[in-house]
Amino acid sequence: MKNLLKILVVALITVTGVQTTTAQSLSQDQDRPEVIAKNQVAEMSETLNLTGEQQRYLFRYHTSYISNMKKYIEPKNQNSDATIADKEKLQNELKKYVQKVLDGNQYKKWLEMQDFN
């Protein structure tokens, strides 16, 4: 009987630990570039009526764009001239790429949606 009780206690502790670990990893995943890009493209798709091919291209590029922003822009001083120039360069590259993927009306709507600071 004591062995059965010990097994139940160990199982309960294990299950509780697994749930805590899973909950922590879910909150960390929200900051990943893939998750952010997926949310952005889904929002764009609703507003701009994107095709599947447009969604795929935009997801790939947004993932790259977000990764570069996190890697090269966010860790630096946001007020320095070099950082501002690098940020503008990345934003201009994003605009050029999106303009290639979207048609004229979609691109105009997309520009209105953006908040490039």
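Residues numbered from 1 in each chain as written. Predicted model: local features only at pLDDT ≥ 70, side-chain atom pairs only at ≥ 80, totals over all residues. Heavy atoms only, no water.

Colleague: Help me understand the overall build of the protein in this model?
Modeller: Of regular secondary structure, the protein possesses five helices and zero strands. N-terminal to C-terminal, the α/β element order of the protein is α-α-α-α-α. The buried share among the 117 residues of the protein stands at 22%. Nonlocal contacts in the protein, meaning residues at least 24 apart in sequence, comprise 55% of its contacts between residues at least 6 apart. If you sum the accessible surface of the protein, you get close to 8700 Å²; carbon and sulfur atoms cover 54% of it. (Helix = DSSP H or I, 4+ residues; strand = E, 2+ residues; numbered from the N terminus. Buried < 20%, exposed > 50% of the residue type's maximum accessible area, 1.4 Å probe, protein only. Contact = heavy atoms within 4.5 Å. Areas by Shrake-Rupley, 256 points an atom, 1.4 Å probe, with all protein chains shown as cover.)

Colleague: Which parts of the structure should I look at to understand the side chain of Gln-54?
Modeller: With respect to the secondary-structure elements, Gln-54 resides in helix α3 (residues 52–73). Excluding anything up to four places from it in sequence, Gln-54 contacts Asn-49, Val-101, Leu-102, Asp-103 and Gln-106.

Colleague: Sorry, what's going on with unusual backbone geometry here?
Modeller: Residues other than glycine seldom take positive phi values, yet Asn-49 does so here, at roughly 55°. Inspection of the secondary structure puts Asn-49 in the loop between α2 (33–48) and α3.

Colleague: Whenever I open this one, a nonpolar patch on the surface confuses me. Can you help?
Modeller: Nonpolar side chains collect at one region of the surface, where Met-1, Leu-4 and Leu-8 lie side by side and expose about 400 Å² of accessible area between them. Here Met-1 shows up in the segment before α1 (2–29). (Patch = residues over 30% accessible without salt bridge, like charges linked within 9 Å, V, L, I, M, F, W, Y side chains within 5 Å. Salt bridge = Lys/Arg side-chain N within 4 Å of Asp/Glu carboxyl O.)

Colleague: Is there a simple way to think about the nonpolar core in this case?
Modeller: For soluble globular proteins, nonpolar side chains are generally found buried alongside one another. Membership of the largest hydrophobic core comes to 18 residues, with the highest contact counts inside it found for Leu-58, Tyr-65, Val-98, Leu-102 and Trp-110. Per-element tally for this core: the top contributor is α3, with six residues. (Core = buried A, V, L, I, M, F, W, Y, C linked by side-chain atoms within 4.5 Å.)

Colleague: Would you mind showing me how to read helix α5 (residues 104–113) here?
Modeller: Every α-helix carries 3.6 residues per turn, so stepping three or four residues along brings you back to the same face. Of the positions making up α5, those classed as buried are Gln-106, Tyr-107 and Trp-110. Down the axis of α5, the buried set is contained in an arc of 100°. They therefore lie on one face. In this structure, α5 carries Asn-105, Lys-108 and Glu-112 as exposed residues pointing more than 90 degrees from its buried face. Where α5 begins, one side-chain oxygen reaches toward the backbone nitrogen of Asn-105, 3.2 Å away; that side chain belongs to Asp-103. (Arc of directions from axis to C-beta. Polar contact = N/O pair within 3.5 Å; in protein donor to acceptor, adjacent residues only side chain to side chain.)

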